[in-house]
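# Report on the structure
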Amino acid sequence: MTRLITEWIKEMDSTVALWNIEFKRITGMDLVELAAKGCGKSYQDLQRLSERLKVAVIPITSGEGIIGSFADSVAAIVAEMGFHTIVTGETDVAGLYEAEKEGADIVYFADDNRYLAMNLNQRALAENDRATATGYILALEGMLDKQQGETLRDKRVLQLGYGRVGKVMSELLVKKGAQVTVYDKHWERMEEALENNLAIIQDPLAIKNFTLITDATSEGPWLNKELLNKEALIAAPGIPYSLDEETEALYPNSSVHDNLEIGTAVMLGMALGR
Ligand code: 2YJ
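I will try to describe carefully the structure that is included in this document. All values reported here derive from a predicted model rather than from experimental measurement.

### Quick notes on the side chain of D30
- Along the polypeptide, D30 turns up in the loop between α2 (12-27) and α3 (31-39).
- Summary of buried charges: D30 has no salt-bridge partner, and the nearest side chain of opposite charge, K24, is 5.0 Å away.
- Apart from the residues within four sequence positions on either side, D30 is in contact with N20, F23, K24 and Y43.

### Structural notes on helix α5 (residues 70-80)
- When you tally the buried positions in α5, you get eight out of 11 residues, the bulk of the element.
- Regarding α5, the residues found buried are F70, A71, S73, V74, A75, A76, I77 and V78.
- Trailing α5 by a residue or two, G82 shows a phi angle of about 95 degrees, which is positive.

### Topic: the site of the ligand
- Taken together, 16 residues are adjacent to the ligand, and T2, I60, A110, N128 and D129 come closest.
- In the model, a nitrogen atom of the ligand is placed 2.8 Å from a nitrogen or oxygen of the N128 side chain.
- If the ligand stood free it would expose 490 Å²; the protein chains cover 93% of that surface.
- Class assignment for the residues of the shell around the ligand results in nine nonpolar, three polar and four charged.

The rules behind each value
Residues numbered from 1 in each chain as written. Predicted model: local features only at pLDDT ≥ 70, side-chain atom pairs only at ≥ 80, totals over all residues. Heavy atoms only, no water. Helix = DSSP H or I, 4+ residues; strand = E, 2+ residues; numbered from the N terminus. Buried < 20%, exposed > 50% of the residue type's maximum accessible area, 1.4 Å probe, protein only. Lys, Arg positive; Asp, Glu negative; His and termini not counted. Salt bridge = Lys/Arg side-chain N within 4 Å of Asp/Glu carboxyl O. Contact = heavy atoms within 4.5 Å. Near = heavy atom within 4 Å. Polar contact = N/O pair within 3.5 Å; in protein donor to acceptor, adjacent residues only side chain to side chain. Areas by Shrake-Rupley, 256 points an atom, 1.4 Å probe, with all protein chains shown as cover. Nonpolar A, V, L, I, M, F, W, Y, C, P; charged D, E, K, R; others polar.

The following block contains the structure:
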């Protein structure tokens, strides 16, 4: 799993609003609409709740410690969605105590292994892998709907990377009625995909045969124009991004990638509970 680095997220405060506009242009949804879809609520439900609920982000020092800008970036994304948001001055357990005393309804916190949002008023826990997978499948379907007026039902989708997020994406794609094929450079993961009744490709050159791609690999730039279909729609949560700038420029309306926004937004929806 990729550990975020400050460099990738440090400008979030000033970039998230523009990122959100761009995301809406490409997928037809902004972050609030995405979060609403991700949790089965309406846009109006979220707007109403944003007036009432307070969110706190708690920096966590365990493991490799605090990532500069992480808590501020999470807060910037949640604030962009219209929710009153603070970052606690204290860290860890003292931070949770501070959040509760400040009247927080939802708290966000992450260590090196899990990134969670928890509702303090009711039992609702949102986990970043599932939220990210959910958000990206909705983003892929958003692009498909916008460009072709289609849903994912019966469509062939290529899942690149069958790790923690890739597996959830495949599961959600199958639920949507898509036909999922997996490519992962680790053979044991391909075996897992086969055990889960998914198709596989072994030769990366076969990637070109697919026009719907979900990419949860974390290898850095490796998907280039020789490998990709010109018509491809690409939803890519993997960090660092698999497309270099030159390749990304070939898919201005057909590729979605972020460093923190989508998972964080969908987590908020999921943490709203009932
Ligand atoms: O509070 C902090 O500043 C740090 N403890 C944040 C740690 C953030 N964690 C990660 O980047 C991990 N890779 C987990 C993210 C899960 C993404 N699916």
